[in-house]
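Coordinates in review
Read off the chains here:
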Amino acid sequence: MKMAVMLLALLQLGACTSFNYTQEDSPQALAAVPPMNPRPKIALVLGSGGPRGYAHIGVMNVLAQSGIEYDLLVGSSVGSLIAAFWASGYSASQIDELSKQGGPLTVFDFSIFADRGWIHGQRLQDFVNDRLGNPRIENLPKKFIAAATRLHDKQPVFFQSGNAGVAVRASSAVSQIISPVGINGVEYEDGDESLPVAVRAARQAGAVFVIAVDVTAVPGTAPADTSASRLEREARRRARIDPELLQADFVIHPDLGFATLPTPAFFEHARRSGEAEVKRLLPALQAALAAAGVAVNHR
């Protein structure tokens, strides 16, 4: 009986304990991104998608091999994680190598005491800060914006200053899976809940040319036995994505299939699908950049 009472007390303690970051380097949430000076020439916007985000790495590899360099990277959820490493100076190939050292499960801290989810998110925050040297976003060598969602009103916000690990954690706090992230008393969750592909942030920053990468399921690929609730969820996500893609100069949307699996085989499938789609679209992308007057380093 005593053991049951103690367990219940621990569960109640865990349920009411939430993370709230209040340090001097707390990320500042912005409703809109102020124009950057100088203007970014090419912005790459990486969308949300969990394991599907491995396609972003394939995209970045091919762009780098083709001499297409971007000076601003905007990310939602997994896109923000990749963007943070790029902004710290990691090349596409180095991010690729790092990704092969372990899947998402290596940076998730599962716990029955997580608040409104079953993953705390602290391990993800520590992974980013430990690898990158506990940086502030504004001090990174390259420009990076993380998109997240303010929990109480589902409005998008953007982080471009403050602790990088906390910002990535907030951007990646998947509803009902990873605990929301409190920053100075305001809670945030995954960017997917408001802006899965945050093109507007790049536009507000003043980017001359915006490339958007959407790794969500291609419309019409759902199997016949897909549940009505899943179809409805995908439709809501598309309603958030499509208006953003209309603001991009070029869209890359690899077909990864409908199912998502946290397995090495799927990670490799996603990476290769991203590479294949960019190679297919490369002539059109190069033509679009030339038409916009944006020079690239041809290789």
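The structure under discussion appears in the preceding block.
Treat the numbers as computed from the prediction; the structure is a model and nothing was measured.

Reading the values: rules and limits
- Residues numbered from 1 in each chain as written.
- Predicted model: local features only at pLDDT ≥ 70, side-chain atom pairs only at ≥ 80, totals over all residues.
- Heavy atoms only, no water.
- Helix = DSSP H or I, 4+ residues; strand = E, 2+ residues; numbered from the N terminus.
- Buried < 20%, exposed > 50% of the residue type's maximum accessible area, 1.4 Å probe, protein only.
- Contact = heavy atoms within 4.5 Å.
- Areas by Shrake-Rupley, 256 points an atom, 1.4 Å probe, with all protein chains shown as cover.
- Salt bridge = Lys/Arg side-chain N within 4 Å of Asp/Glu carboxyl O.
- Expected span 1.5 Å × (residues − 1).
- Bend = angle between axes of the 7 residues up to and from the residue.
- Polar contact = N/O pair within 3.5 Å; in protein donor to acceptor, adjacent residues only side chain to side chain.
- 1 Å grid on protein atoms, 1.4 Å probe; cavity = no way out; pocket = protein on both sides within 12 Å on 5 of 7 lines; lining within 4 Å.
- Points joined across faces, edges and corners; volume = space filled by probe spheres on them.
- Nonpolar A, V, L, I, M, F, W, Y, C, P; charged D, E, K, R; others polar.
- Pairing = 2+ DSSP bridges.
- Right-handed = clockwise from strand over helix to strand, strands pointing away.
- Core = buried A, V, L, I, M, F, W, Y, C linked by side-chain atoms within 4.5 Å.

1. Some thoughts on the overall build of the protein chain
Scanning the protein chain for helices and strands turns up nine helices and 10 strands. Across the 299 residues of the protein chain, 52% fall into the buried class. Considering only contacts within the protein chain whose residues lie at least 6 apart along the sequence, 78% involve residues at least 24 apart. On the protein chain, roughly 13500 Å² of surface is accessible, and the fraction owed to carbon and sulfur atoms is 57%.

2. A word on the pattern of salt bridges
Inspection of the entire model under this criterion finds 19 salt bridges. A salt bridge links D249 to R203; the shortest N-O distance between them is 2.4 Å. Of this pair, D249 sits in the loop between α8 (228-245) and β10 (250-252) while R203 is found in helix α7 (residues 199-205), placing the two residues 46 residues apart along the sequence. A relative accessible area of 35% places D249 in the partly exposed class. R280 is the salt-bridge partner of E277, the closest N and O atoms lying 2.8 Å from each other. With E277 and R280 both in helix α9 (residues 264-291) and three residues apart, this pair spans about one turn of that helix. Using a relative accessible area of 57% as the deciding quantity, one classes R280 as exposed.

3. Brief notes about helix α2 (residues 54-65)
An α-helical turn contains 3.6 residues, so any two residues separated by three or four positions project in the same direction. Between its first and last C-alpha atoms α2 spans 17 Å; for 12 residues at 1.5 Å apiece the expected length is 16 Å, and the two agree. Counting buried positions along α2 yields 10 of 12 residues, so the element is predominantly enclosed. Turning to α2, its buried residues are Y54, A55, H56, I57, G58, V59, M60, N61, V62 and L63. Once α2 ends, the next one or two residues include G67, with phi positive near 80°.

4. Notes on α9
In a regular helix each residue adds 1.5 Å, so 28 residues correspond to 40 Å; α9 covers 39 Å between its end C-alpha atoms and thus fits that length. Approximately 55° is the largest bend angle found in α9, and it occurs at L282, with the proline P283 only one to four residues beyond. Of all the residues in α9, the buried ones are F266, F267, A270, R271, S273, G274, E277, V278, L281, L282, L285 and L289. The positive-phi residue at the C-terminal boundary of α9 is G293, with phi of around 75°.

5. A few points about the side chain of S77
The topology assignment puts S77 in the loop between β4 (72-76) and α3 (78-87). Of note is the side chain of S77, whose polar atom sits 2.8 Å from the side chain of D190.

6. Overview of the layout of surface pockets
When its volume is computed, the second largest pocket comes out at roughly 160 Å³. Here the residues of the lining of the second largest pocket sort into six nonpolar, one polar and three charged.

7. Focus: the pairing of strand β9 (residues 209-213)
Most of β9 is tucked away: five of the five residues are buried. Here β9 shows a buried face lined by F209, I211 and V213 and a second buried face lined by V210 and A212. Judged from the three bridges that link them, β9 and β10 form a sheet pairing that is parallel. Bridging from a neighbouring strand, I211 pairs with F250 of β10. Between the parallel elements β9 and β10, the chain passes through α8 in a crossover that is right-handed.

8. Some words on the environment of R271
Following the sequence through the fold, R271 ends up in helix α9. In this structure, the C-alpha to C-alpha distance between R271 and P254, residues 17 residues apart in sequence, is 9.8 Å. The contact partners of R271, leaving out residues within four places of it in the chain, are Y54, A55, I57, G58, D96, S99 and K100. At 2.7 Å, the side chain of R271 and the side chain of D96 are in polar contact. A distance of 2.5 Å separates a polar atom in the side chain of R271 from a polar atom in the side chain of E268.

9. What to know about the nonpolar core
Formed by 64 residues in total, the largest nonpolar core has its most connected members in L44, M60, F144 and F159. Apart from the residues within four sequence positions on either side, F144 is in contact with L72, L73, S80, A83, A84, A87, I137, F159, Q160 and V168. Judged by nonpolar contacts, the second largest core, of 22 residues, contains V74, V197, A205 and A212.

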